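A closer look at the structure
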Amino acid sequence: MQRALVLCALSAAASAAPHNGAALLQTWEKSLDSGKDTPITRVVNLLKDLKVKMEMDEKSEQQVYDKYACWCEKTTARKAAGIKESSDDVRAYGQTILSLKGKVATLASEILELETGIKTNKEEQAQATNIRQRENAAYVAETSELKQAIAALEQAVTVLVAGSQAS
């Protein structure tokens, strides 16, 4: 794998500089084969280490992304359900408001009728009270007059009884 990467990089360098490319390629192959720690092998080793780190980062980032994606899906589903529920509630409350507005209008007209009835009733009560007071005054006067008449008749009967016994 290392050799393939180096050869690929060297091939690209050789094609960029054709007059020195073949010699450069041979020199690098020899240094790779000798096992010495050359700058190229260090670069290749650094690239390998970088690849391993990138793969580990990819895995950890994938886990974080998966958690975030799951959270997003759950939150989106929860929010969508909340929106639907709220929309249904808004419709239901709208219907309730309309029915209550109708009920309020009906009750307002009934209140107006009852207030008119109460006003009429109070007027009739006042008239009836006046009539009863006048009738009561007439009754009291008549009763007083009748009591005087009864008292006079009782005296007359007493006088007549006394006069009829004396004769």
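Computed from a predicted structure; not experimentally measured. (Residues numbered from 1 in each chain as written. Predicted model: local features only at pLDDT ≥ 70, side-chain atom pairs only at ≥ 80, totals over all residues. Heavy atoms only, no water.)

Moving on: the overall build of the protein chain. Each helix and strand in the protein chain was counted, giving three helices and zero strands. For the protein chain, the α and β elements follow one another from N to C terminus as α-α-α. Out of the 167 residues in the protein chain, the part that is buried amounts to 8%. With an accessible surface of roughly 14200 Å², the protein chain has 62% of that area assigned to carbon and sulfur atoms. (Helix = DSSP H or I, 4+ residues; strand = E, 2+ residues; numbered from the N terminus. Buried < 20%, exposed > 50% of the residue type's maximum accessible area, 1.4 Å probe, protein only. Areas by Shrake-Rupley, 256 points an atom, 1.4 Å probe, with all protein chains shown as cover.)

Before going further, it helps to examine the packing of aromatic side chains. Counted by the stated rule, this structure contains one aromatic pair. Ring centres of Tyr68 and Trp71 lie 6.0 Å apart, and the angle between their planes is 25 degrees; this geometry places the pair in the stacked category. Taken together, the residues Tyr68 and Trp71, both in helix H3 (residues 39–166) and three residues apart, mark about one turn of the helix. (Phe/Tyr/Trp six-rings, centres within 6.5 Å; stacked < 30°, edge-to-face > 60°.)

Among the secondary structure elements, Thr41 is positioned in helix H3. Given a relative accessible area of 7%, Thr41 falls into the buried group. A distance of 2.7 Å separates a polar side-chain atom of Thr41 from the backbone oxygen of Thr38. (Polar contact = N/O pair within 3.5 Å; in protein donor to acceptor, adjacent residues only side chain to side chain.)

Averaged over the protein chain, the pLDDT score is 85; the fraction of residues at 70 or greater is 78%. Within the protein chain, the element-level pLDDT minimum falls on helix H1 (residues 2–16), averaging 52, and the maximum on H3, averaging 94. (pLDDT = per-residue confidence, 0-100.)

Here we take up the state of the cysteines. All chains considered together, the criterion is met by zero disulfides. Cys72 takes part in no disulfide bond, and the closest cysteine sulfur, belonging to Cys70, lies 9.3 Å away. (Disulfide = S-S within 2.5 Å.)

Looking now at the pattern of salt bridges. When the charged atoms of two side chains with opposite charge come close together, those side chains can pair. The final tally for this structure, using the stated rule, is two salt bridges. Through salt bridges with shared partners, a single ionic network connects Lys84, Asp88 and Arg91. (Salt bridge = Lys/Arg side-chain N within 4 Å of Asp/Glu carboxyl O.)

Before going further, it helps to examine a negative patch on the surface. Where like charges cluster on the molecular surface, the negative patch consists of Glu55, Asp57, Glu58 and Glu61. Its relative accessible area of 55% is what places Glu61 among the exposed residues. (Patch = residues over 30% accessible without salt bridge, like charges linked within 9 Å, V, L, I, M, F, W, Y side chains within 5 Å. Lys, Arg positive; Asp, Glu negative; His and termini not counted. Charge placed at Lys NZ, Arg CZ, Asp CG, Glu CD.)

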